[in-house]
Each structure stands twice: as structure tokens, then as C-alpha cells.
Amino acid sequence: MFVLEEKIWFWLLLVIPVIALLFLIFIFWQNSTRKKFADNKLLKFLAPNRSRSKPVIKIVLVLLALASLVIALVNPKMGTKMETVKREGVDIVFAIDVSKSMDAEDIAPNRLEKSKQLVSQILNSLGSDRVGIIAYAGGAYPQLPITTDFSAAKMFLQALNTDMISSQGTAISDAIELATTYYDDDKQTNRVLFILSDGEDHEGNVEDIAEQAAEKGIRIFTIGVGTEKGGPIPIKRNGVVQNYKKDRQGETVITKLNPATLQEIANVTDGSYIEGNVTGNVVDRVNEELLNIEKTEFEAKQFADFKSHFQWFLALGLALLFLDIFILERSTAWLKRLNLFNERKRKGTKADED
């Protein structure tokens, strides 16, 4: 596993295209100035050893050397072995509603994007916990099993969208039932499920499923995303609103937050309902709730004994710079003697014809 210690040095790579652009401008200016001085035949006579390719080779070597030196500054490290460490935390599953009603823009930028922002910020505030992700609409589908890899969690989180599940609806009961399979330790008591939804059009007997989850030691916290005033569901094409979803009577559908359902689910499992409109308030409430939950010790495998490998890139960069110093801009004599392009024969043939 690679770790980049000082990523901020990557900004220096922006110098490379600037240098390349300045070099092209210089070459253009140089050629135009030479043409004003003399024609090509006279230039070849005055400077017979001038090489057109050598300056390009030299600048390429310099740019590659700069890139190597920048990577050396970043200091890439590689984990050389895996070790098992003891950690204490809570197993947390996020069940995120991806039904079409989550496209409503009554909360900016829309309900689903707000849900993803909330989960991302909660992940940033967690410590040694394990997390999993479930997406649900008309059915529930696992996205990420329980893991300590928060980077992977954020990657899967960003991939969520309202087109990923064809069956529409809000099957909260399916999401709760699927979440019960995420916890791999039967003796574990610190099981937490966060449901992010607008609570609208829920399907199934949610209360009974929630009671079954409570019996298995799962505490459910619901986060309501949206407003009770509601908003229409946009139909977009290439990010542009084309129309709004309509019912059978041709009226624009207005989707509203239904906090009552979400509160009822949370109450059954001794959890709580959290209003999801203000990100900071949500993160604070989540941290408060997690502090009151007993932490469980578990084993996790992670890379250890990271070794720096900057020296390889430093050596490569210096080697390229030394190579650039020894390459002259004039034509190489021994290459000319090889007569790779059969230039002498062509010249002789022309003379014979004359």
C-alpha cells in the first residue's frame, strides 16, 4: 500500500506545463528570427552542426527530472507488511434513501446530495469505528460491507444516485432488515444504524422490522432530509431541468418530508430523530449519541512498517539532469558518420544527374 506523505508538493508539477509552453514560444521566436536573418540553405552552411532534435530531447529530460524531484519531495512510502491491531469503536451502517423523491431541491443542492454531504462529514468526525453503506429505494442493496477504510466508504458514497435502483418506493423495512446482516459479531451490543431519508411513501411494516432490529441490539437513528413544505421532483437531462414529475391527473407532484415516520422508527429502537438541514448540527448530534454508546474492541488488519522511497526518484531526477548537461545541442559526429538516412548517396546521385 502506498502513502504519499507530503501531497502539497504536487502543486509544483504545475511548473512543468508552464516551462513546456515557454519552450515552444522560444522555439517559435527562434525560428522566425532565423528566417529573417537568412534562408534555410545559408543557415545550414553557417551552422552545419546545428541539431533540431537535441533541444527537444534536453527540455524533455529537464521536465522529467523536475517531475522526479517533485515526487521525491512528496515522499512516497510503501507498507511492507500487514499487522493486526486492536481497536475500539462502534459498528455503524448508513442506509441512504436513493428514491426519486430525493432529487427534490427543497434543500440545497438536493436531498440526496445533502445526505451524501452529511455522511461524509460524519465520517470525518469518526475515530476507530467501522462503517458500512446500504442504498435503498423500492428495495435495499448492499454497497459497502463493514470496514475501517473510510476512503473506500467515501468513494462508494459519491457513486450513489437516484438512477441506480430501478424499483421505486421507500422500502425502509428492507434497509433495516439488510442492515441486520452487516454486523458479524453475535455478542456485539454497540450496533448503530443511521437512516437518511425524507420518510415519504415508506413501504412495508416498518415498526415490526424495527422491533426485530431492537431485539438484535441495533439502535436506529433517523436523519430527516428535506422540508415539510416540500418541493417538486425535477426531471433532468444532462444536468438541465426539462420538466417536473407529474401524477396521473397531470398535476406536479410535491414531495414533502415526513418526520413522523422517521421519529417512530427511531423511538422503537431507543434511538432518536435528527433534523438534517444543518450539517454542523447533525454532526454534533451524531457525536453526542455515539459518545453514549459503549465501544467494543475488535481486530483490524492494516499496513505497517512504511518505508520511504523518495531516494529512487531523487536519484532518477539527478541522473536526468546530469544526462542533460552532457548532451550538446549540436549534431553528434558519430551519428552523422553512420549515415542512417543515406544522405551521402542521395547527394552523390544528384551530382551525377547534374
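Shown above is the structure to which this text applies.
Below is a short write-up of the structure. (Residues numbered from 1 in each chain as written. Predicted model: local features only at pLDDT ≥ 70, side-chain atom pairs only at ≥ 80, totals over all residues. Heavy atoms only, no water.)

Remarks on the pairing of strand 6 (residues 191-197)
For a regular strand, side chains alternate in direction, first toward one face of the sheet and then toward the other. Counted only if it meets this: Residue exposure (1.4 Å probe, protein chains only): buried if accessible area is under 20% of the type maximum, exposed if over 50%, otherwise partly exposed. Helix numbering and strand numbering both begin at the N terminus, where a helix is a DSSP run of H or I of at least 4 residues and a strand a DSSP run of E of at least 2. Two strands are counted as paired when DSSP detects at least two bridges linking them.
By the criterion of burial, strand 6 is predominantly enclosed, with seven of the seven residues buried. Residues Arg 191, Leu 193, Ile 195 and Ser 197 point to one face of strand 6 and Val 192, Phe 194 and Leu 196 to the other, with burial holding for every one of them. Across six bridges, strand 3 (residues 91-97) lies against strand 6 in parallel orientation. Across the sheet, the residue bridging to Ala 95 is Ile 195, located in strand 6. Pairing of strand 6 with strand 7 (residues 218-224) involves seven bridges; the strand directions are parallel. The residue bridging Arg 191 from the neighbouring strand is Ile 218, located in strand 7.

Examining the packing of helix 4 (residues 111-125) against helix 9 (residues 279-291)
So the rule is basically this: Axis lines are fitted through C-alpha atoms, for helices just across the contact stretch, and the angle between N-to-C directions can take any value from 0 to 180 degrees. Any angle that falls under 35 degrees is termed roughly parallel, while one over 145 is termed roughly antiparallel, one within 65 to 115 roughly perpendicular, and all others oblique. Handedness of a crossing is defined here by the sense of rotation of the near helix relative to the far one, left-handed for an anticlockwise turn of less than a right angle and right-handed for a clockwise turn. Note on definitions: a residue-residue contact is assigned when non-hydrogen atoms from the two residues lie within 4.5 Å. All amino acids are sorted into three groups, where Ala, Val, Leu, Ile, Met, Phe, Trp, Tyr, Cys and Pro are nonpolar, Asp, Glu, Lys and Arg are charged, and the leftover types, Gly among them, are polar.
At a closest axis distance of 10 Å, the pairing of helix 4 and helix 9 adopts a crossing angle of 45 degrees. Considering the angle they form, helix 4 stands oblique to helix 9. Regarding helix 4 and helix 9, the two cross each other, and that crossing is right-handed. On helix 9, the residues that touch Lys 114, Leu 118, Gln 121, Ile 122 and Ser 125 of helix 4 are Thr 279, Val 282, Val 283, Val 286 and Asn 287. When its residues are assigned to classes, the contact of helix 4 with helix 9 shows five nonpolar, four polar and one charged.

Notes on the sheet that holds strand 3
In space, the six strands of this open sheet follow the order 5-4-3-6-7-12, with mixed pairing throughout. Of all strands in the sheet, those bounded by a partner on one side alone are strand 5 (140-147) and strand 12 (273-275). Direction aside, neighbouring strands of the sheet carry axes that sit 20 degrees apart on average. Helix-sheet contacts for helix 4 involve strand 3, strand 4 (130-136), strand 6 and strand 7, and the interaxial angle to strand 3 is about 170 degrees. Contacts from helix 5 (residues 150-158) reach strand 3, strand 4 and strand 5 within the one sheet, and its direction differs from that of strand 4 by about 10 degrees.

What to know about the packing of helix 7 (residues 206-215) against helix 8 (residues 259-268)
Packed helices, taken two at a time, are described by the angle their axes make and the gap between the axes. It is the contact of helix 7 with helix 8, at a shortest axis distance of 8 Å, that shows an interaxial angle of 30 degrees. What the angle tells us is that helix 7 and helix 8 run roughly parallel. Seen along the crossing, helix 7 lies across helix 8 with a hand that is right-handed. Between helix 7, through Val 206, Glu 207, Ala 210, Glu 211 and Ala 214, and helix 8, the contact on the second element is made entirely by Glu 264, Ile 265 and Val 268. Looking at side-chain class alone, the contact of helix 7 with helix 8 contains five nonpolar, no polar and three charged residues.

Scope: geometric values only; no functional claims are made or implied.
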